[in-house]
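A look at the structure
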Amino acid sequence: MTTPIDVRARVRIATRLLPFVFLLYLVAQLDRVNVSFAILTMKADLGFSDGVYGLGGAMFYLGYVLFEVPGAIIVERWSARKWIARIMVSWGLVRILTGFVRSAGQFYAVRFLLGLSEASFFPGMIVYLTHWLRPADRGRAIAILYSAIPVSSLIGAPLAGWLLGVGWRGLAGWRWLFIVEGIPAVLLGIVTLFYLTDRPRNARWLAPDEREWISGELEAEKKLKWETAKYTIWDAFRDRRVLLLLVPYMLANIGTTTIALWLPTFIKRLSGLPPPAVTSLAMLPALAGLVGLLNGWHSDRTGERRWHTIVPLAGVGCAYLLLIVAAPQFSIAMTLITLGGACVYAYYPSFWALATMFLSESAAAASFGLINGTGHLGGFFGPYIIGALSDRTHSLRPGFAFLGGCYVLAACSLAALKTKTHA
């Protein structure tokens, strides 16, 4: 029996692109989370306060935001393959450089350069997926992409626990953590140039009828969007739906980026355990996150996006608000942190699938960059605020209240979004 063309094309595209896209994002997230583990010993070596670490974490997002929108447009109009390769090589080199910092000023500088180097990587990946996948397949694909975040913790935590204990060539373990984890980004950036294909029409690995089928499907989607709303980039920026996506993403990102940078520190202070035990416990929210990503599959099956995003956001907000009273009981606190991890990862796939439902081409690329870039302003404020609160109050409770409130407000603001478009 002959396999239908739509099945052949979708399976071939998925098996060719999604594992590699997952690998790229996995390396990106390893680079993101390694500073949260390095700081367990780096602070003492360099004499950094919580405020210095918080500001250093924030500087990444300042650089990140500056080039987010133009970078996403470059992916759409020039070449995703070449731009993603450039991003990976440059951030890998800066990450290696981080292993040689010796002062707060140098730490701030490399964090800023790292954000500048990595800017537009994530929205570029979302834009790239829209060049290959139909709307009905995007929730699952984005869930696969986001599964790299919890997997990075599962790999990064034990790797960090080991590297923090080494002292090769007189360099502290935290320095080797940056050096070792920066090398794969450079190597994969080079591989990307040869492996990725920009668009279906360039894909020699697809059969001619498969190229024609997927190109026709994507062209039909683009035509429908254009006829429904002839968006320019400027129109997309003024679209109420774009703004209503931007606000909750920024609020949620305050929490998500802060948790990514501070989770090992939270666990250490709540438990009093040494770094090797902390890195092991940090894997629990990541494991729960893999379960939470099933929300993306369910969102594709039902075609519903908004409530699949709102409910997880409210869930993680409630978990962190409950930590205010549960903090003295570490077993309960760790359970809430783990449940929060499941909810954090659950909202991402349906959120970005929602964002692809009414925009296309350069307007979509610019809007994804705007949403992600502005959203990451939350990544600038969140880590800095947590560091300042910790220095001032010598307690984690105000930080938990701040994080929980951000997620609850994100859920409430997204509830205002109304769209008749269905994936």
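A short tour of the structure in this document, coming up. (Residues numbered from 1 in each chain as written. Predicted model: local features only at pLDDT ≥ 70, side-chain atom pairs only at ≥ 80, totals over all residues. Heavy atoms only, no water.)

Here's the deal with the nonpolar core
Filter applied, for reference: For this analysis, a nonpolar core means a set of buried residues of the types Ala, Val, Leu, Ile, Met, Phe, Trp, Tyr and Cys, connected via side-chain atoms within 4.5 Å. When a residue's accessible area, from a 1.4 Å probe over protein chains only, is under 20% of the maximum for its type it is buried; when over 50% it is exposed; and in between it is partly exposed. What counts as a helix is a DSSP run of H or I of at least four residues, what counts as a strand is a run of E of at least two, and both are numbered from the N terminus. Contact criterion: two residues are considered in contact whenever any of their non-hydrogen atoms come within 4.5 Å of each other.
With 124 residues, the main nonpolar core has Phe-121, Tyr-146 and Trp-352 as its most contacted residues. No other element matches helix α1 (residues 5-46), which puts 20 residues into this core. Those residues in contact with Phe-121 that sit more than four places away from it in its chain are Leu-24, Tyr-25, Ala-28, Ile-84, Ile-87, Met-88 and Trp-91.

Side note on helix α15 (residues 294-302)
Which entries qualify depends on this criterion: Regarding the arc, it is the one traced by the directions from the helix axis to the C-beta atoms.
Of all the positions in α15, only Asn-295, Gly-296, Ser-299 and Asp-300 are classed as buried. Projected down its long axis, α15 shows its buried positions confined to an angular sector of 140°, all on one face. Of the residues in α15, the exposed ones pointing more than 90 degrees away from the buried face are Leu-294 and Arg-301. One or two residues past the end of α15 sits Gly-303, with phi positive at roughly 80°.

A few points about the packing of aromatic side chains
Here is the rule: Pairing of aromatic rings covers Phe, Tyr and Trp, the last counted by its six-membered ring, and requires centre-to-centre distances within 6.5 Å; plane angles under 30 degrees mean stacked, over 60 mean edge-to-face, and any other angle means tilted. Remark: a charge is flagged as sitting over a ring if the NZ atom of Lys or the CZ atom of Arg is within 6 Å of the ring centre and within 35 degrees of the ring normal.
Taken as a whole, this structure holds 16 aromatic pairs when the rule is applied. When the centroid spacing of 5.1 Å and the interplanar angle of 65° are considered together, the rings of Tyr-53 and Trp-262 count as edge-to-face. Of this pair, Tyr-53 sits in helix α2 (residues 50-66) while Trp-262 sits in helix α12 (residues 240-271), and the two are 209 residues apart along the sequence. You'll find Tyr-53 and Trp-262 in the same group, each marked buried. Taking 5.6 Å as the distance between ring centres and 65° as the angle between the ring planes, the aromatic pair formed by Trp-162 and Trp-168 counts as edge-to-face. One aromatic cluster is present, formed by Tyr-53, Trp-262, Phe-266, Tyr-320 and Phe-400 through successive ring pairs. Cation over ring: Arg-16 sits above Tyr-195, and NZ or CZ is 4.2 Å from the ring centre.

Details of the environment of Arg-134
Examined against the element boundaries, Arg-134 turns out to sit in the loop between α6 (121-130) and α7 (135-146). Residues Arg-134 and Val-325, spaced 191 residues apart in sequence, show a C-alpha to C-alpha distance of 45 Å. Once you skip the residues sitting within four places of it in the chain, Arg-134 turns out to touch Arg-10, Trp-213, Ile-214, Glu-217 and Leu-218.

A short note on the packing of helix α4 (residues 80-98) against helix α9 (residues 173-195)
The criterion, for reference: Helix axes use the C-alpha atoms of the stretch in contact, all axes being lines fitted to C-alpha atoms, and the angles between their N-to-C directions lie in the range 0 to 180 degrees. Note that the term roughly parallel is reserved for angles under 35 degrees, roughly antiparallel for angles over 145, roughly perpendicular for angles of 65 to 115, and oblique for everything else. Here is the rule for handedness: rotate from the far helix to the near one, and if that takes an anticlockwise turn smaller than a right angle the crossing is left-handed, while a clockwise turn gives right-handed.
Remark: α4 packs on α9, axes separated minimally by 7 Å, with the N-to-C direction vectors making an angle of 165°. When the axes of α4 and α9 are compared, the pair comes out roughly antiparallel. The two elements α4 and α9 cross, and the hand of that crossing is left-handed. Packed against α4, whose contacting residues are Arg-81, Lys-82, Ile-84, Ala-85, Met-88, Val-89, Trp-91, Gly-92, Leu-93, Arg-95, Ile-96 and Thr-98, the element α9 presents Trp-174, Phe-178, Ile-179, Gly-182, Ile-183, Ala-185, Val-186, Leu-188, Gly-189, Ile-190, Thr-192 and Leu-193 at the interface.

Describing unusual backbone geometry
Of note, Ser-120 is a non-glycine position whose phi angle comes to about 80°, a positive value. Along the chain, the position of Ser-120 falls in the loop between α5 (104-118) and α6. Ser-120 sits in the buried class, given a relative accessible area of 1%. Even without being glycine, His-394 reaches a positive phi, approximately 55°. One can find His-394 in the loop between α19 (377-393) and α20 (397-414).

These figures come from the coordinates and say nothing about function on their own.
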